[in-house]
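Examining the three-dimensional arrangement
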Amino acid sequence: PPNEHVVVTQPMRPWWERYQPVSYKLHSRGGTEAEFKDMVTRCKNVGVRVYVDSVVNHMAGLGRQGSGSGGTSFNSDNFDFPGVPFRREHFNSRDKCPSHDGNINNYGDPNNVRNCFLVGLTDLDQSQEYVRTKIAEFYNHCIDVGVAGFRIDAAKHMWPGDIKAIQDKTKDLPEGGRPFFYHEVIDQNDGAIKVGEYTPLGYVTEFRYCQKIAEGIRNFGMLHGVYDPGWGMTDSAHAFVFVDNHDNQRGHGGGGNLITHKHPRDYKMAVAFTLAYNYGFTRVMSSYYFQSSDQGPPHNGDYSAKDVTINADGSCGNGWVCEHRWNPIGNMVAFRNAVAGTGVDNWRNENEEVSFSRGQKGFFAMAKSGHMDRTLHTGLPAGEYCELVSDCKKKITVDGSGNAHIVIDNSAEPVIAFIVGGPT
Ligand code: ARE
Ligand code: CA
């Protein structure tokens, strides 16, 4: 989140302090507004669009007061956030929250989930015109700075109609078109709130995919079922999918038995498959190493985040994992873009191997053992193709009937992919 937040010292500067807003000034642990704008502009100039994580369900947690990351004073217990400003009357009052202590404690009751306090965080009342306007002003300011869209944090804890009203007050992008919205709704068939309530508002996070892909990598026989509509998973046109996120990779927010960068080989297969397959809008995670689940990013003496340095071999230094630079992840983005809009054909899944083509545009194969040697029908036009994951160090020849000799060997990554129109 780019806006001003509390500065937590107990524990010392955890990552999650950024999820407790103090104001909508763009001054966070990540830097000042000028620094943020500079980053967004430099990204935009090279075709990278920035989506911000927007925390608008709540402000800081009860018991917190003092100065925020931008120096603005606040007092949560008095519901006083002069930097916006928000006052007591802008928060959900106890009479709207059916919970003995004001905190969310019954995921079976939408009033409890949406009008009570999420882990003690002061809960804004988005049914009020004033509150909607302040949030939309924040969004519009982000758009003025060059941002292209928003993750709606804790969307599950806001009424869909209120989110719609805020979206309607949010302007178009200067380059035209609506900002991109995706809604963080953890629906694992474990409560009253369903992702389907939010699909009219944009993409919705599909946390069941995290479980499905982990099962699929542990047992390739399960991979054909990673999209399971029978389990309530949302359709491809609305599903926002990922292998892990900043919460569940460290046991927060519906964590579980998931695959993360801590198991690099499985993780590469999981993300490569996700990018190759035709389900949903995909997000690639990029992390820092951590031992404890509270630990913030690699930091300097003043707790500002350390720069991401790039080593000679292309990996990252200073404690950053940079999964996005791993070949079976980063190089698969070209694959996903090239095959957009096509279906899955020539599906083959045996002996802990999986392979398939996407339309007549791309072919993907992955072998759990790291070894595969067979001739397969690729469905692609004849020709010599560059293998993407090896940076073209491997070449693959498709013959006149669309067949190719596919080799995966233990010395390299367990994944291969090639596309029509790719690098040569
Ligand atoms: C911290 C402390 C708390 C303290 C609080 C207030 O950990 O002990 O009470 O501060 O002072 C993140 C961290 C939290 C942190 C919070 C604020 O994860 O630990 O609290 O920042 O600093 C639910 C929500 C979902 C939410 C997850 C975490 O539905 O929206 O909980 N995820 C987002 C972000 C988080 C962030 C917040 C929301 C808050 O991605 O990073 O919290 O802005 C089932 C339910 C889910 C539920 C899940 C976990 O799966 O179905 O709905 O997720 O359990 O409870
Ligand atoms: Ca709420």
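Below you will find a few notes about this structure. In this text the structure is predicted, and so the values were computed from the model without any measurement. (Residues numbered from 1 in each chain as written. Chains lettered and ligands numbered in written order. Predicted model: local features only at pLDDT ≥ 70, side-chain atom pairs only at ≥ 80, totals over all residues. Heavy atoms only, no water.)

1. Quick look at the packing of helix α5 (residues 207–218) against helix α6 (residues 264–276)
- Contact pair α5 / α6: the axes reach a minimum separation of 10 Å and the direction vectors enclose 120°. In this view, α5 runs oblique relative to α6, as classed from their interaxial angle. Considering the relative orientation of α5 and α6, their crossing is right-handed. When α5 is examined against α6, the residues Tyr-209, Ile-213 and Ile-217 are found in contact with a partner set consisting of Asp-266, Met-269, Ala-270, Phe-273 and Thr-274.
- Residues belonging to the contact of α5 with α6 are distributed by class as follows: six nonpolar, one polar and one charged. (Axes fitted to C-alpha atoms, helices over the stretch in contact; angles between N-to-C directions. Helix = DSSP H or I, 4+ residues; strand = E, 2+ residues; numbered from the N terminus. Parallel < 35°, antiparallel > 145°, perpendicular 65-115°, else oblique. Left-handed = near helix turned anticlockwise from the far one by under 90°. Contact = heavy atoms within 4.5 Å. Nonpolar A, V, L, I, M, F, W, Y, C, P; charged D, E, K, R; others polar.)

2. Some thoughts on the coordination of the calcium ion (ligand 2)
- The coordination sphere of the calcium ion (ligand 2) contains the protein donors Asn-57 (OD1), Arg-114 (O), Asp-123 (OD), Asp-123 (OD) and His-157 (O), at a distance range of 2.4 to 2.6 Å.
- Linear spacing of the donor residues for the calcium ion (ligand 2) on their chain is N-x56-R-x8-D-x33-H. Taken as a pair, Asn-57 in the loop between β1 (51–54) and β2 (58–61) and Asp-123 in strand β5 (residues 121–123) lie far apart in primary sequence, 66 residues in all.
- Judged by relative accessible area, Asn-57 falls into the buried class, the value being 1%.
- Asp-123 gets classed as buried once you look at its relative accessible area, which sits at 1%. (Donors = N, O, S within 2.8 Å, 3.2 Å for Na, K, Ca; no water. Buried < 20%, exposed > 50% of the residue type's maximum accessible area, 1.4 Å probe, protein only.)

3. As for the sheet that holds strand β13 (residues 362–367)
- Taken together, the four strands give an open sheet; going across it, the order is β11-β12-β13-β18, and neighbouring strands pair in antiparallel fashion. The open sheet has two free edges, formed respectively by β11 (344–350) and β18 (415–419), since each of these has just one partner strand. Sheet twist, expressed as the average angle between the axes of neighbouring strands with direction ignored, equals 5°.
- Strands in contact with α6 are β11, β12 (353–358), β13 and β18; relative to β13, the strand with the most contacts, it is inclined by about 155°. (Pairing = 2+ DSSP bridges.)

4. Focus on the site of ligand 1
- Neighbouring ligand 1 are 23 residues, the closest being Trp-16, Lys-156, His-157, Glu-184 and Asp-247.
- Interatomic distance of 2.9 Å between a side-chain N/O atom of Gln-20 and an oxygen atom of ligand 1.
- Measuring from an oxygen atom of ligand 1, one finds a side-chain N or O atom of His-58 at 3.0 Å.
- In the complex, the protein chains occlude 79% of the 950 Å² of accessible area that ligand 1 would expose alone. (Near = heavy atom within 4 Å. Polar contact = N/O pair within 3.5 Å; in protein donor to acceptor, adjacent residues only side chain to side chain. Areas by Shrake-Rupley, 256 points an atom, 1.4 Å probe, with all protein chains shown as cover.)

5. Observations concerning the environment of Gly-176
- When you line up the elements, Gly-176 lands in the loop between α4 (160–168) and β7 (180–183).
- In sequence terms Gly-176 and Gly-71 are 105 residues apart; their C-alpha atoms lie 35 Å from each other.

6. Some thoughts on the state of the cysteines
- For the structure on display, the rule yields three disulfides.
- The disulfide bridge from Cys-316 ends at Cys-322, spanning 2.1 Å between sulfur atoms. On the sign convention where negative means left-handed, the S-S torsion of about -95° between Cys-316 and Cys-322 marks this disulfide as left-handed. Here the two residues Cys-316 and Cys-322 agree in accessibility, since each one is buried.
- A sulfur-sulfur separation of 2.0 Å characterises the disulfide bridge that pairs Cys-386 with Cys-392. Residues Cys-386 and Cys-392 are joined through a disulfide that is left-handed, its torsion about the S-S bond being -80°. (Disulfide = S-S within 2.5 Å.)

7. Observations concerning the sheet that holds β1
- Ordered by their spatial adjacency, six strands build an open sheet running β1-β6-β7-β8-β9-β10, and the pairing between neighbours is parallel. If you trace the sheet from one side to the other, it starts and ends with β1 and β10 (281–282), each paired once.
- Across two bridges, the pairing between β7 and strand β8 (residues 203–205) is parallel. Bridge assignment links His-183 to a residue of β8, and that residue is Val-204.

8. Digging into α5
- The end-to-end C-alpha distance of α5, which contains 12 residues, comes to 18 Å, matching closely the 16 Å that a straight helix rising 1.5 Å per residue would cover.
- Burial runs high along α5: nine of the 12 residues are buried.
- Residues of α5 that are buried include every one of Phe-207, Arg-208, Tyr-209, Cys-210, Lys-212, Ile-213, Ala-214, Gly-216 and Ile-217, and no others.
- Next to the buried residues of α5 lie β8, β9 (239–241), α6 and β13. (Expected span 1.5 Å × (residues − 1).)

9. Quick word on the environment of Lys-169
- Assignment of secondary structure puts Lys-169 in the loop between α4 and β7.
- A residue is classified by how much of its surface remains accessible, and Lys-169, at 30% relative accessible area, is partly exposed.
- Residues Lys-169 and Thr-133 lie 36 residues apart in sequence; the distance between their C-alpha atoms is 7.3 Å.
- Residues in contact with Lys-169, not counting those within four places in the same chain, are Glu-129, Arg-132, Thr-133, Ala-136 and Asn-140.

10. Examining the pattern of salt bridges
- Within the structure shown, the criterion is met by 24 salt bridges.
- Between Glu-197 and Arg-114 there is a salt bridge, and its shortest N-O distance comes to 2.9 Å. Of this pair, Glu-197 sits in the loop between β7 and β8 while Arg-114 sits in helix α2 (residues 110–115), placing them 83 residues apart in sequence.
- With a relative accessible area of 3%, Arg-114 lands in the buried category.
- Of the charged contacts, one joins Lys-169 and Glu-129 as a salt bridge, the two residues approaching to 2.5 Å between their closest N and O atoms. (Salt bridge = Lys/Arg side-chain N within 4 Å of Asp/Glu carboxyl O.)

11. A few points about the environment of Thr-260
- Residue placement: Thr-260 occurs in the loop between β9 and α6.
- Taking the C-alpha atoms as reference points, Thr-260 and Ile-166, 94 residues apart in sequence, are found 34 Å from one another.

12. Some remarks on the packing of aromatic side chains
- Following the criterion strictly, the structure yields 35 aromatic pairs and no others.
- Judged by centre distance (6.0 Å) and plane angle (15°), the rings of Phe-74 and Phe-81 are stacked. For the pair Phe-74 and Phe-81, a shared accessibility class is recorded, and that class is buried.
- Ring plane angle 50° and centroid distance 6.3 Å describe the contact between Phe-240 and Phe-242, whose orientation is recorded as tilted. For the pair formed by Phe-240 and Phe-242, the shared burial category is buried.
- Ring-pair connections join several aromatic residues into one group, and the members of that group are Tyr-24, Phe-74, Phe-79, Phe-81, Phe-86, Phe-91, Phe-117, Tyr-130, Phe-138, Tyr-139, Phe-150 and Phe-181.
- Here Lys-268 stacks its cationic end above the ring of Trp-326, 5.6 Å away from the centre of that ring.
- Stacked on the ring of Phe-242, the Lys or Arg Arg-283 has its end atom at 4.5 Å from the ring centre. (Phe/Tyr/Trp six-rings, centres within 6.5 Å; stacked < 30°, edge-to-face > 60°. Lys NZ or Arg CZ within 6 Å of the ring centre and 35° of its normal.)

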